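# Coordinate inspection notes
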Amino acid sequence: MSLAHAMRRVAFSAGAGICFLVGAAFMTVAGWIYLVETTSTQTAALIVGAVWLALGFVLLGMSRIRRVPPVPVAQPTPVAGPLGLAEAFIVGLQAGRGTSKGN
């Protein structure tokens, strides 16, 4: 069942990509016609080329973004009551003695 779902997703994604390409081509032609009517042919070519170049750089930049999952922070174990506090105090004393010049 998941293979059929994956194949369906690939087919619809490919269809959407083709539709986007055809739409981009028609929008480019429409933009070209408008720019040629309002400016010179050379200016229209520079504007259309610059737009496609900028879009390419944006897509290239987006392809390099990597999402790094956050590293889970270890939750400290809760210390229960005064005995936990006393135990922590004793462990601290022993650690302090271990770092003295005598040992």
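Since we're looking at a predicted model, the values are computed, not measured.

Summing up its helical and strand segments, the protein chain has three helices and zero strands in all. In the protein chain, the order of α-helices and β-strands from amino to carboxyl end is α-α-α. Residue burial in the protein chain is summarised as follows: out of 103 residues, 4% are buried. Counting only carbon and sulfur atoms, one obtains 73% of the accessible surface of the protein chain, whose full area is about 9600 Å².

Moving on, we come to the confidence of the model for the protein chain. On average, the protein chain scores 83 in pLDDT, and the residues at 70 or more come to 89%. Looking at the elements of the protein chain, mean pLDDT is at its lowest for helix α3 (residues 81-98), recorded as 78, and at its highest for helix α1 (residues 2-38), recorded as 90.

Before going further, it helps to spend a moment on a nonpolar patch on the surface. Together, Trp-52, Leu-55, Val-58, Leu-59, Met-62 and Ile-65 give the surface a local cluster of nonpolar side chains, amounting to about 610 Å² of exposed area. Counting through the fold element by element, Trp-52 comes out in helix α2 (residues 41-63). What makes Trp-52 partly exposed here is its relative accessible area of 39%.

Here we come to the packing of α1 against α2. Where α1 contacts α2, the axes come no closer than 8 Å and their chain directions differ by 150°. Handedness of the α1/α2 crossing: right-handed. Across from Ala-24, Thr-28, Trp-32, Leu-35 and Val-36 in α1, the residues of α2 making contact are Thr-41, Ala-44, Ala-45, Ile-47, Val-48 and Trp-52. Tallied by class, residues from the contact of α1 with α2 come to nine nonpolar, two polar and no charged.

Rules used throughout
- Residues numbered from 1 in each chain as written.
- Predicted model: local features only at pLDDT ≥ 70, side-chain atom pairs only at ≥ 80, totals over all residues.
- Heavy atoms only, no water.
- Helix = DSSP H or I, 4+ residues; strand = E, 2+ residues; numbered from the N terminus.
- Buried < 20%, exposed > 50% of the residue type's maximum accessible area, 1.4 Å probe, protein only.
- Areas by Shrake-Rupley, 256 points an atom, 1.4 Å probe, with all protein chains shown as cover.
- pLDDT = per-residue confidence, 0-100.
- Patch = residues over 30% accessible without salt bridge, like charges linked within 9 Å, V, L, I, M, F, W, Y side chains within 5 Å.
- Salt bridge = Lys/Arg side-chain N within 4 Å of Asp/Glu carboxyl O.
- Axes fitted to C-alpha atoms, helices over the stretch in contact; angles between N-to-C directions.
- Left-handed = near helix turned anticlockwise from the far one by under 90°.
- Contact = heavy atoms within 4.5 Å.
- Nonpolar A, V, L, I, M, F, W, Y, C, P; charged D, E, K, R; others polar.

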